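As a plain string of letters, each chain reads:
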Amino acid sequence: MKNKIMGALFGVFLVACSTADAPGSEAALKAAPGAPGAPATWSNAEKVAIGTSYEAYDADGQYSDASPTAPISRVWFSLTRDRITEVMWGLIHEAQIREIRFVLVGPEGVLSPSELTLTIDGAPLPASPAPGLGFYHPEIDRAIQVSVFTDPDRETLVMKVDMLEPLPDGYRLFAYIDPALANTGSGDRARVVDNGLHAYEGEAHLFVRLAGGGVPERSVGYVGASDGLADISDGVLDAAYGAADVPGNVAGLIALDFHDQPLDSGAPDFGPSLGPGAVLIVGFGETYEAAKSNADQTASANALDVYSAYSDQWRAYLDSLSELPRIAESSGDGGALAYMSAINLKVMEDKTHAGALIASLSNPWGETAPAEEPQTGYKAVWPRDFFQVASAFLAMGDEDTARAAYRYLPKVQVTDDTPGNTGVTGWFLQKTHVDGTLEWVAVQQDQTAMPIMLGWKLWQAGVISDDEMARSYQSMLKPAADFLVDGGRTGLLWNTEFEASLGYTQQERWEEQEGYSPSTIAAVIGGLVTAADLAERFGDPDDAQRYLDAADTLEQNIEAWMYTTNGPFGDGEYFIRVTRNTDPNDQAMLGDNNGRPGLPEDQIMDGGFLELVRYGVRSATAPSIMNSAKVYQSRRREDNLRNLYTFGDGTENLFGFRRYGNDGYGEDGERGTNYHELDGGNTPDQRGRVWPFFSGEFAHFLLAIGSDQTLGGADIEGLVMAGARSMEFFANEGLSLPEQVWDGVGPNPFGYALGGGTNTATPLAWTHAEYIKLLRSISDGAVWDRYDVVAARYADSPRNQPEE
């Protein structure tokens, strides 16, 4: 029986009509004890699926009432393997629910499923983000399927709960809802009202109800004290509470009493019955009335029609991606991950601020991250991640989203109008909310260069017109290029003492060290050369030459500044991660980071030098690149300093890399703690693990070498495909790609599988973008992110060609 229901995602829709009476007046008025409840946290970041409705832009490239899919629904959800986790409404970072669990109880107490499954909407290729969670309970031989989607016309989350047969007598299923309204978990209130539950904080309200008639049994209370979980362990809700009016960490229970009898004439017709089911609905709004109205309108609609509209809009979007079918043919899994990558990337865009692309719909290590104050986690804009994703949209053939992303960028550039700014302008902010609210304000020069590179690429592709680019160059790109060349003193929030200069970054791409870094220099050169091309085209020849002169200065000093010739690894010659001066051979100490004491700079290597090849600054076969690639791949170093790890059963060449040696951005296996779990601080045994997008970065490098070449006797073309297959291997059962995967080093009290995602951030937009761009590069036979105007000046220049 379990196989039948696990394989049937959207067979039929049924409506729950509860015969349970509403709580009596005594219960409805009874105040829940135990305020304010247990300390609030966020949820596990190991998501297997995320979702929202697809919405189309209006004629101006915005989300509005004039959009073809209007009204715009601004509800997002995420799932782990056994529950719905953060649900956002409003702006994409504004969590309103911490989790929704489905709790089966019987005479023996709470039943834990022996098997958890996830189904994906669409076969063989994903068609929409409407995942299904499956729970099999062998004690009673019952399987429960919960399918999740949103109402594309309302601010509503929909959960369809299906079974093939009724529960045995004495067994009941409850939904447990833990709100985190207004993006915090400690200031909520809740009440039993009408035919559902109401929770609110400030102007954020939610209303929970079942579709169909009847009034379900329900209760509200405080997490860990009166939330009802302990009470229902005998299958009966004995102590129902009607009000949790003291602000705190509240939760609600609502009974799902299934019926498979024909519905009354006023209820929606869902067709023939396979068994009992229920439709649980959560509506959101700025008032109680608005939230309840959204929930009621969705409840009154035919749930199959709601799902069909949701799914059809996504199918239409996927069909519009002109390049996706072609690049999917280059995959190793038949295109499944490519299609899910396209879905996940589009899900992670805000729908108030068109083009606002976030890093991940998750809070890293969320279940130990306090939720007392609002926080974005990775649900925020980093221009670096943003650049990767926007260029992936272009690679898929989605010019509209790529254009919207580019037009969004002025919102996150520092100008004289930036609140509180007293310093230099033109640079792009480190991290912001999607509405541009300041969050982190360190200078990362690659994040200022990449918007220039993106604009140039979109202009070259005809996505941005000459007229628009002429305006954009003057208003946004020229100030950015001027900052890269001229630098200046910052003056924003805490950051008032840094003096920016050509190539010297306050933070490199891992946001931890200052100095000269190959990855940063690669982007800055790319940004300056593309800025010069734009300047020349739009009547600014003097600045064009100035930008080229600055780029030449950096290019001519790449090896002198960042390439050690007496390092402790290999033959002693390789690019180091970062240096705080222009001497890569002085063994200067790097700063402590993420609990790890700093080490001499020549002991720390990362894959940043590959960006020199990617953007066209160095040939893939340049001696400095090839020497560094050999050291980068070495497995002879101790685990703390090693980059490369291999995976799988040996039948395939599956590989991945850590960010850099001595990386502490990860869990502490010795203590069994998450990053920052102990009093919000770091511990010395934290370890950063393998990041899947490095498999794509290295595969891009291999592709740049050329398929007719060999690397250490290995077949290059086969290794390029191994990079794609490695990324597919790292995807979880929901085809979501993690930020980090377990590398098998050290104690594993967390139970992570080798090559399986850790609790950092899944799905990571950058990883999905890298996979899409790798497939595009394989399909084209050329690196998608290679900038010909850069390569013509440097990598392809005769003076930079290796000697025969």
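Just above sits the structure.
If you're wondering where the values come from, they're calculated on a predicted model, not measured in any experiment.

About the criteria used
- Residues numbered from 1 in each chain as written.
- Predicted model: local features only at pLDDT ≥ 70, side-chain atom pairs only at ≥ 80, totals over all residues.
- Heavy atoms only, no water.
- Pairing = 2+ DSSP bridges.
- Helix = DSSP H or I, 4+ residues; strand = E, 2+ residues; numbered from the N terminus.
- Axes fitted to C-alpha atoms, helices over the stretch in contact; angles between N-to-C directions.
- Contact = heavy atoms within 4.5 Å.
- Core = buried A, V, L, I, M, F, W, Y, C linked by side-chain atoms within 4.5 Å.
- Buried < 20%, exposed > 50% of the residue type's maximum accessible area, 1.4 Å probe, protein only.

Thoughts on the sheet that holds strand β15 (residues 243–248)
Here is step 1 of the chain: Within the open sheet, the nine strands sit side by side as β6-β7-β8-β9-β17-β13-β12-β11-β15. Their pairing is antiparallel. Looking at the sheet topology across the chains shown, the edges are occupied by β6 (115–121) and β15. Here the average twist between neighbouring strands, direction ignored, is 15°.
Here is step 2 of the chain: As paired strands, strand β13 (residues 204–210) and strand β17 (residues 277–285) are joined by six bridges and run antiparallel to one another. In the sheet register, Leu206 faces β17, and the bridge partner there is Phe284.
Here is step 3 of the chain: Set on the sheet, helix α4 (residues 303–320) makes contact with β6, β7 (128–137), β8 (142–150) and β17; between it and β7 the angle comes to about 130°.

What about unusual backbone geometry?
Here is step 1 of the chain: The peptide bond linking Ala35 to Pro36 adopts the cis configuration, its omega dihedral lying at 5°.
Here is step 2 of the chain: Within the element layout of this structure, Pro36 appears in the loop between α2 (25–29) and β1 (49–52).
Here is step 3 of the chain: A cis amide bond links Ala123 to the next residue, Pro124, at an omega of 0°.
Here is step 4 of the chain: Backbone geometry at Asp194 places phi at a positive 45°, although glycine is not the residue there.
Here is step 5 of the chain: Along the chain, Asp194 turns up in the loop between β11 (188–193) and β12 (196–201).

Here's the deal with the nonpolar core
Here is step 1 of the chain: Judged by nonpolar contacts, the single largest core of 244 residues is most densely connected at Phe102, Leu157, Met159 and Phe701.
Here is step 2 of the chain: When residues of this core are assigned to their parent elements, the largest contribution, eleven residues, is made by helix α11 (residues 518–537).
Here is step 3 of the chain: The next biggest cluster of nonpolar side chains, apart from the first, holds eleven residues, and it includes Val103, Ile232, Leu237 and Ala240.

Some words on the sheet that holds strand β26 (residues 690–691)
Here is step 1 of the chain: Taken together, the three strands give an open sheet; going across it, the order is β24-β25-β26, and neighbouring strands pair in antiparallel fashion. Strands with a single pairing partner mark the edges of an open sheet, and in this sheet they are β24 (644–647) and β26.
Here is step 2 of the chain: Pairing of β24 with strand β25 (residues 654–658), which is carried by four bridges, proceeds in the antiparallel orientation. Residue pairing in the sheet places Thr646 in a bridge with Phe655 of β25.
Here is step 3 of the chain: Each of β25 and β26 is contacted by helix α16 (residues 693–705), which is oriented at about 105° to β25, the strand it contacts most.
Here is step 4 of the chain: Sheet strands in contact with helix α17 (residues 716–730) are β24, β25 and β26, and its direction is about 75° off that of β25.

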